[in-house]
Amino acid sequence: KHVQSLAGFLADRGWTVHVLSMAGPRRRAEQTCGYTIHRPSRDERFASLTRLVAHDPGFVLQQSLCFPRFGSANPRMFLGCLSLGAVCWEIARHENLRLVSAYHLFAAGLAGAWAAELLRIPLITTIFGEIYADPEFYRRHLSVVRYVVDRSRMVLSCSRHCSRSVERLGLRAPVRTVYYGVDTTEFSPRSNADLIRKRHGLRAGDKVVLFVGRMVREM
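No experiment lies behind these values; they were computed from the predicted model shown.

Visitor: How would you summarise the overall build of the protein if you had to cite specific residues and measurements?
Guide: In terms of helices and strands, the protein carries 11 helices and seven strands. The principal-axis extents of the C-alpha atoms in the protein amount to approximately 65 × 40 × 30 Å. In the protein, which comprises 219 residues, the proportion classed as buried is 37%. The contacts of the protein with a sequence gap of at least 6 include a subset with a gap of at least 24, amounting to 59%. On the protein, roughly 14,400 Å² of surface is accessible, and the fraction owed to carbon and sulfur atoms is 55%. Averaged over its 32 positive side-chain charges, the protein has a centre that lies 3 Å from the centre of its 18 negative ones.

This is how it looks when you write it as structure tokens:
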């Protein structure tokens, strides 16, 4: 929802916006609300990687040598990040984009960092609770985290709690907290909730508490 709102907001103000998403069914790029969504298939991602290797074989070899532990411990994830980075590189190169914004350190952050380095354009990385969810994974791959953070023009997070997560890894990276907005017209106590109460069999006087989050321990 946040990405959808932000992409539309930027497009309405004259920005050229391309969203690379791994969610939902794979299909061809489509225009919606003034921006373009790319959902590349596995074959399309690896075709992009093949073209990147042909374009700059030294870069791919260099990244393999830079992160030998990541490549050997998680070869499928490593190749997945490389192929995602290749797609990002091709989109940004073809559309002459001047900024990459990546959500999460893996795999988008690493893929975005590679694309941004290849094209010599700025990278903004947004972190959430991924480090809290699996701190041992990020400690094992600290070199990757440091690489993404070092190549980010700015690191953002949606809460102070998530902003502080990099400290658990011993990093001193400055993270700027930017709270996500809420549509107070739609989500307001003044809204008529009778239909929702009726749908769930709740009476008018019942007190209701709603929690929305992932069904994991940290939540």
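Having seen the model, we can carry on.
Visitor: Account for the pattern of salt bridges, naming residues and giving values.
Guide: Counting across every chain of the model gives six salt bridges. Put simply, R39 and E30 hold a salt bridge, and the shortest N to O gap is 2.8 Å. Judged by relative accessible area, R39 falls into the buried class, the value being 15%. The exposure class of E30 is partly exposed, given its relative accessible area of 28%.

Visitor: Quick rundown of the state of the cysteines? Include the residues and the values.
Guide: What the rule picks out here adds up to zero disulfides. Here C81 is not cross-linked by a disulfide; its sulfur's nearest cysteine counterpart is in C88, at 12 Å.

Visitor: Which residues make up helix α5 (residues 75-95), and what are the values?
Guide: Over its 21 residues, α5 extends 30 Å from the first C-alpha to the last, a length consistent with the 30 Å expected when each residue adds 1.5 Å. Among all positions in α5, only F78, C81, L82, S83, L84, G85, A86, V87, C88, W89, I91 and A92 are buried. N96 occupies a position one or two residues after α5 and carries a positive phi of about 55°.

Visitor: Can you lay out the packing of aromatic side chains for me, pointing to particular residues and giving the numbers?
Guide: Taken as a whole and assessed by the stated rule, the structure comprises nine aromatic pairs. Relative to Y180, the ring of F128 has its centre 6.4 Å away and its plane inclined at 65°; by these criteria the two rings are edge-to-face. Of this pair, F128 sits in the loop between β5 (123-127) and α7 (130-133) while Y180 sits in the loop between β7 (175-177) and α11 (194-199), and the two are 52 residues apart along the sequence. The exposure class of F128 is buried, given its relative accessible area of 16%. In textbook terms, an aromatic cluster arises when at least three aromatic residues are bridged by ring pairs, as seen for F70, F78, F106, W114, F137 and Y138. Just above the ring of F9 sits the side chain of R13; from NZ or CZ to the centre is 3.6 Å.

Visitor: Give me the pairing of strand β3 (residues 35-39): which residues, what numbers.
Guide: Extensive coverage of β3 is indicated by the burial of five of its five residues. Neither face of β3 is exposed, since Y35, I37 and R39 on one face and T36 and H38 on the opposite face are all buried. Two elements, strand β1 (residues 18-20) and β3, share three bridges in a ladder whose sense is parallel. Bridging across to β3, V19 finds its partner in I37.

Conventions adopted
- Residues numbered from 1 in each chain as written.
- Predicted model: local features only at pLDDT ≥ 70, side-chain atom pairs only at ≥ 80, totals over all residues.
- Heavy atoms only, no water.
- Helix = DSSP H or I, 4+ residues; strand = E, 2+ residues; numbered from the N terminus.
- Buried < 20%, exposed > 50% of the residue type's maximum accessible area, 1.4 Å probe, protein only.
- Contact = heavy atoms within 4.5 Å.
- Areas by Shrake-Rupley, 256 points an atom, 1.4 Å probe, with all protein chains shown as cover.
- Lys, Arg positive; Asp, Glu negative; His and termini not counted.
- Charge placed at Lys NZ, Arg CZ, Asp CG, Glu CD.
- Salt bridge = Lys/Arg side-chain N within 4 Å of Asp/Glu carboxyl O.
- Disulfide = S-S within 2.5 Å.
- Expected span 1.5 Å × (residues − 1).
- Phe/Tyr/Trp six-rings, centres within 6.5 Å; stacked < 30°, edge-to-face > 60°.
- Lys NZ or Arg CZ within 6 Å of the ring centre and 35° of its normal.
- Pairing = 2+ DSSP bridges.

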